[in-house]
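What the coordinates show
As a plain string of letters, each chain reads:
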Amino acid sequence: MAVLATTVIPGLDAESYDLMVGHMGLALSSSPGFRMHSARLERDGRTVSEVWDSESDFRAFFDANVKANLPPGIEPQLRPLHNVVLAS
């Protein structure tokens, strides 16, 4: 089942976010099950949202590429999605 992964990262400024995404962009976009990534500015950091085909696809990428680069205690919130429609 598809999932929405939302990660709130306090203190993440635009420059650091851009460097991180630039570094991981190709790996992210070519990962099995990846569908969409977005980030929005919050008062004190960034909220990153991604859509994946399954929780296991998300966890494989997150654990291998992202988790070690986040401050301790930052955990994504996962929610099952009933339907995902992508532009062709």
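Residues numbered from 1 in each chain as written. Predicted model: local features only at pLDDT ≥ 70, side-chain atom pairs only at ≥ 80, totals over all residues. Heavy atoms only, no water.

**A closer look at the packing of aromatic side chains**
Applying the stated criterion across every chain, the model contains 4 aromatic pairs. Between phenylalanine 58 and phenylalanine 62 the ring centres are 5.3 Å apart and the planes differ by 25°, which places this aromatic pair in the stacked class. In this pair, phenylalanine 58 and phenylalanine 62 are both assigned in helix H2 (residues 55-66), 4 residues apart and thus about one turn of the helix distant. Considered together, phenylalanine 58 and phenylalanine 62 belong to a single accessibility category, that of buried residues. By the ring-pair criterion, three or more aromatic residues cluster together here, those being Phe34, Trp52, Phe58, Phe61 and Phe62. (Phe/Tyr/Trp six-rings, centres within 6.5 Å; stacked < 30°, edge-to-face > 60°. Helix = DSSP H or I, 4+ residues; strand = E, 2+ residues; numbered from the N terminus. Buried < 20%, exposed > 50% of the residue type's maximum accessible area, 1.4 Å probe, protein only.)

**Considerations on the nonpolar core**
By size, the foremost hydrophobic cluster in this structure holds 17 residues, and its most contacted members are Ile9, Trp52, Phe61, Val66 and Leu70. At the level of elements, strand E1 (3-10), helix H1 (14-29), strand E3 (45-52) and H2 are the ones that each hand at least two residues to this core. For valine 66, the contacting residues outside a window of four places in its chain are Met24 and Phe61. (Core = buried A, V, L, I, M, F, W, Y, C linked by side-chain atoms within 4.5 Å. Contact = heavy atoms within 4.5 Å.)

**Structural notes on the sheet that holds strand E4 (residues 77-80)**
Strand order in this open sheet of 4 strands is E2-E3-E1-E4, and the pairing throughout is antiparallel. Two strands in the sheet have a free side with no partner beyond their single neighbour: strand E2 (34-42) and E4. Each neighbouring strand pair of the sheet contributes to a mean axis angle of 15°, computed without reference to strand direction. Taken together, the 8 bridges between E1 and E3 define a ladder with antiparallel strand orientation. Bridging across to E3, leucine 4 finds its partner in valine 51. Lying over the sheet, H1 contacts E2 and E3, oriented at roughly 180° with respect to E2. Across the sheet, H2 touches E1, E3 and E4, and the angle it forms with E3 is around 135°. (Pairing = 2+ DSSP bridges. Axes fitted to C-alpha atoms, helices over the stretch in contact; angles between N-to-C directions.)

**Some words on the pairing of E3**
Most of E3 sits out of view: 8 of its 8 residues are buried. Relative to E3, E2 runs antiparallel, the two being bridged by 8 bridges. Paired with phenylalanine 34 across the bridge in E3 is tryptophan 52. Remark: 2 residues form the turn of the hairpin made by E2 and E3, two consecutive strands paired antiparallel.

Nothing here speaks to function; it is geometry throughout.
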